[in-house]
Amino acid sequence: MSGFLKWVLLGYFAAPLCVFAQMEVTSPFVHEKRYVLPSGKKVELTLQERRCRNGECREVDAGMWGMDGGIPRFVTETFLVGINGKPFPIPEKLYKDLTNMHSASVIEDKERIILELKGGDGAGAYTARFELGGMCGFERKICGEVCGEIWEHTTWYNSFAYEGDPLCKSGIQ
């Protein structure tokens with residue numbers, strides 16, 4: 001095959017990929033999935049974004065992840081987590097600032113459940129990692145698309161679980 005023909009074929013097959021990479025996401029992110037982790041724990045994750053209601057979303061320069069200025073296309077409406085059939089509450093203020101999501105996954109690391117959410121694109125790309133520690137609380141870490149540096153670190157203690165779980169003395173299990 002001639003060199004010229006190889007370049008023509010490469011262009012023919014690569015062009016749709018370039019167009020796909022530049023396409024704007026036009027529908028809100030929805031993720032409803034049940035995971036069974038290596039330890040046997042069962043995790044249910046429900047994430048739903050929605051379009052901003054008329055006049056609801058204003059232009060932002062800071063305060064929302066997934067944006068580098070402008071008006072968000074989508075906002076997080078629902079973020080529900082269940083572990084072995086029990087709801088694991090995530091306060092609204094710790095997910096309402098996540099916008100324009102495009103993927104979610106659940107993994108287990110040293111008995112901790114880690115929810116990893118990715119969103120935004122270009123300069124607004126982010127990764128949000130929720131590291132759940134038993135039913136006592138969690139840590140939220142926000143970093144770039146590839147986590148090399150933590151941009152925000154929040155620790156949330158679930159004080160309501162302290163009475164119901166004798167292992168929740170204080171802090172994350």
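As the structure is a prediction and not an experimental result, all values here were calculated from the model. (Residues numbered from 1 in each chain as written. Predicted model: local features only at pLDDT ≥ 70, side-chain atom pairs only at ≥ 80, totals over all residues. Heavy atoms only, no water.)

**So, the overall build of the chain**
Phase 1: Looking only at helices and strands, the chain has two helices and nine strands in total.
Phase 2: Listing every helix and strand of the chain by position from the N terminus yields α-β-β-β-β-β-β-β-β-β-α.
Phase 3: Put simply, the chain has 173 residues, and 39% of those count as buried.
Phase 4: Partitioning the intrachain contacts of the chain with sequence separation of at least 6 by distance along the chain shows that 47% fall at a separation of at least 24. (Helix = DSSP H or I, 4+ residues; strand = E, 2+ residues; numbered from the N terminus. Buried < 20%, exposed > 50% of the residue type's maximum accessible area, 1.4 Å probe, protein only. Contact = heavy atoms within 4.5 Å.)

**Quick notes on the sheet that holds strand 3 (residues 74–83)**
Within a sheet, neighbouring strands are paired by backbone hydrogen bonds and run either parallel or antiparallel to one another.
Phase 1: Read from one edge of the open sheet, four strands run 1-2-3-4, paired in antiparallel fashion. Both outer strands of the open sheet, strand 1 (30–36) and strand 4 (86–88), are each paired with one neighbouring strand and no more. Put simply, the sheet's adjacent strands are angled 20° from each other on average, direction ignored.
Phase 2: Of the pairings in the sheet, the one linking strand 3 to strand 4 comprises three bridges and is antiparallel in character. Residue pairing in the sheet places valine 81 in a bridge with phenylalanine 88 of strand 4. (Pairing = 2+ DSSP bridges. Axes fitted to C-alpha atoms, helices over the stretch in contact; angles between N-to-C directions.)

**Quick notes on the nonpolar core**
Phase 1: Counting residues in hydrophobic clusters, the biggest one holds 27 residues, and the most contacted among them are Phe79, Val81, Leu98, Phe130 and Leu132.
Phase 2: Broken down by secondary-structure element, the contributors of at least two residues to this core are strand 2 (42–51), strand 3, strand 5 (101–109), strand 6 (112–119), strand 7 (126–133) and strand 8 (137–143).
Phase 3: Considering every element that reaches this core, the biggest residue donor is strand 7, with four residues. (Core = buried A, V, L, I, M, F, W, Y, C linked by side-chain atoms within 4.5 Å.)

**Description of the environment of proline 87**
Phase 1: Counting through the fold element by element, proline 87 comes out in strand 4.
Phase 2: Sequence separation of proline 87 and glutamate 44 is 43 residues, and the distance between their C-alpha atoms is 9.0 Å.

**Observations regarding the sheet that holds strand 5**
Phase 1: Overall, antiparallel pairing links the five strands, which are arranged 5-6-7-8-9 in an open sheet. Pairing within the sheet leaves two strands with one partner each, and these edge strands are strand 5 and strand 9 (150–157). Along the sheet, successive strands turn relative to each other by an average axial angle of 15°, direction set aside.
Phase 2: Where strand 6 and strand 7 come together, seven bridges link them in antiparallel fashion.

**Focus on the pattern of salt bridges**
Phase 1: Tallying each qualifying case throughout the model produces nine salt bridges.
Phase 2: Put simply, glutamate 108 and lysine 41 hold a salt bridge, and the shortest N to O gap is 4.0 Å. Of this pair, glutamate 108 sits in strand 5 while lysine 41 sits in the loop between strand 1 and strand 2, and the two are 67 residues apart along the sequence.
Phase 3: For glutamate 108, a relative accessible area of 21% puts it in the partly exposed group.
Phase 4: Given the relative accessible area of 24%, lysine 41 is considered partly exposed.
Phase 5: Here glutamate 116 and arginine 129 are joined by a salt bridge, their closest N and O atoms 3.6 Å apart. Of this pair, glutamate 116 sits in strand 6 while arginine 129 sits in strand 7, and the two are 13 residues apart along the sequence.
Phase 6: Arginine 129 sits in the partly exposed class, given a relative accessible area of 22%. (Salt bridge = Lys/Arg side-chain N within 4 Å of Asp/Glu carboxyl O.)

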